[in-house]
Amino acid sequence: MEGKRIQDSEVVLAQIMQPESANILGNVHGGWIMKLMDEAGAIVASRHARRPTVTVVVDSIQFCAPVHVGDLVHVRARMTQAWRTSMEVEIQVEAEDLLTGERRLTATAYFVYVALDRDGRPAPVPPLILETEEERRKAEEADQRRAERLARREARGAR
């Protein structure tokens, strides 16, 4: 299977935040932001695999700052690593005040997706072509997160 570069699948989604997605403080619900993150991540994973994908892990999500009604939210998603049937996608969310142009980082996370074949079973994905030192570093960090996730899963199964 031929490898694919990170930029071949990365995506930036942008959406204006409306009142229906806010709480009484005027902040957008974290669950709404997570939905946008999952949509962007799924696009990246499906582009890379050219197959349907499902979310299997949401790892290390951090909400750094609130998103307000009226903000333009930018959700940037890009591959960090591809294994046999699974892929990790790094997702960053920025909120932009359209009147001032100020942007602030509001959330980050790593989502893991599995590619599926026509029968709904895990399917092989292309390897990831790493072209820069930063991409190689992020791939190594993804491998470490994966090892930690697998160790936690094994520990739960041993109980």
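Okay, so let's go over this structure. Nothing here was measured: the structure is a model prediction, and the numbers come from that model.

Parameters at a glance
- Residues numbered from 1 in each chain as written.
- Predicted model: local features only at pLDDT ≥ 70, side-chain atom pairs only at ≥ 80, totals over all residues.
- Heavy atoms only, no water.
- Buried < 20%, exposed > 50% of the residue type's maximum accessible area, 1.4 Å probe, protein only.
- Helix = DSSP H or I, 4+ residues; strand = E, 2+ residues; numbered from the N terminus.
- Pairing = 2+ DSSP bridges.
- Phe/Tyr/Trp six-rings, centres within 6.5 Å; stacked < 30°, edge-to-face > 60°.
- Lys NZ or Arg CZ within 6 Å of the ring centre and 35° of its normal.
- Expected span 1.5 Å × (residues − 1).
- Patch = residues over 30% accessible without salt bridge, like charges linked within 9 Å, V, L, I, M, F, W, Y side chains within 5 Å.
- Areas by Shrake-Rupley, 256 points an atom, 1.4 Å probe, with all protein chains shown as cover.
- Salt bridge = Lys/Arg side-chain N within 4 Å of Asp/Glu carboxyl O.
- Contact = heavy atoms within 4.5 Å.
- 1 Å grid on protein atoms, 1.4 Å probe; cavity = no way out; pocket = protein on both sides within 12 Å on 5 of 7 lines; lining within 4 Å.
- Points joined across faces, edges and corners; volume = space filled by probe spheres on them.
- Nonpolar A, V, L, I, M, F, W, Y, C, P; charged D, E, K, R; others polar.
- Axes fitted to C-alpha atoms, helices over the stretch in contact; angles between N-to-C directions.

1. What to know about the pairing of strand β6 (residues 103–115)
Where burial is concerned, most of β6 is hidden: eleven out of the 13 residues are buried. Here strand β3 (residues 53–63) runs beside β6; their pairing, made up of eight bridges, is antiparallel. The residue of β6 that forms the bridge with glutamine 62 is threonine 108. Relative to β6, strand β5 (residues 86–96) is paired through eleven bridges, and the arrangement is antiparallel. The residue bridging serine 86 from the neighbouring strand is valine 114, located in β6. Adjacent in sequence and paired antiparallel, β5 and β6 are bridged by six residues, among which glycine 101 carries a positive phi angle near 80°.

2. Some remarks on the packing of aromatic side chains
Enumeration according to the criterion identifies one aromatic pair in this entry. For the cation-ring pair, lysine 35 lies above tryptophan 32, with the distance from its terminal atom to the ring centre recorded as 5.2 Å.

3. Re helix α1 (residues 30–49)
The end-to-end C-alpha distance of α1, which contains 20 residues, comes to 28 Å, matching closely the 28 Å that a straight helix rising 1.5 Å per residue would cover. The set of residues buried in α1 consists of Ile33, Leu36, Met37, Ala40, Gly41, Val44, Ala45, His48 and Ala49. After α1 finishes, the residue arginine 50 shows a positive phi value of roughly 55°.

4. What to know about a nonpolar patch on the surface
Judged by side-chain polarity, Met34, Val58 and Phe63 come together as a nonpolar surface patch covering roughly 250 Å² of accessible area. By secondary structure assignment, the location of phenylalanine 63 is in strand β3.

5. Regarding the side chain of histidine 48
Residue position: histidine 48 is located in helix α1. Judged by its relative accessible area of 1%, histidine 48 falls in the buried class. Once residues within four sequence positions are removed from consideration, histidine 48 is found in contact with Lys4, Ser9, Met79, Ala82, Met87, Pro126, Pro127 and Leu128.

6. Some details on the layout of surface pockets
The rolling of a water-molecule-sized probe over the atoms marks out the regions of remaining empty space. Estimates place the volume of the largest pocket at around 330 Å³. If you trace the largest pocket, you find 13 residues lining it, with Val56, Val57, Val112, Leu150 and Arg153 closest to the centre. For the lining of the largest pocket, the secondary-structure elements that each account for two or more residues are β3, β6 and α2 (133–158). If one sorts the elements of the lining of the largest pocket by residue count, α2 sits on top with five residues. Taken together, the residues of the lining of the largest pocket sort by class into six nonpolar, two polar and five charged.

7. Quick word on the environment of methionine 37
Structurally, methionine 37 can be placed in helix α1. A residue is classified by how much of its surface remains accessible, and methionine 37, at 0% relative accessible area, is buried. Along the sequence, methionine 37 and glutamate 102 sit 65 residues apart, while their C-alpha atoms lie 21 Å from each other. If sequence neighbours within four positions are ignored, methionine 37 has contacts with Ile61, Val75, Ile91, Val93, Ala107, Thr108, Ala109, Phe111 and Tyr113.

8. Structural notes on the sheet that holds β3
Note on sheets: strands pair through backbone hydrogen bonds, and any given pair is parallel or antiparallel. Strand order in this open sheet of five strands is β2-β4-β5-β6-β3, and the pairing throughout is antiparallel. With one partner strand each, in any of the chains shown, β2 (11–16) and β3 form the two edges of the open sheet. Taking each pair of neighbouring strands and ignoring which way they run, the sheet shows an average axis angle of 25°. Its contacts with the sheet place α1 against β2, β3, β4 (72–82), β5 and β6, and it is angled at close to 50° to β6.

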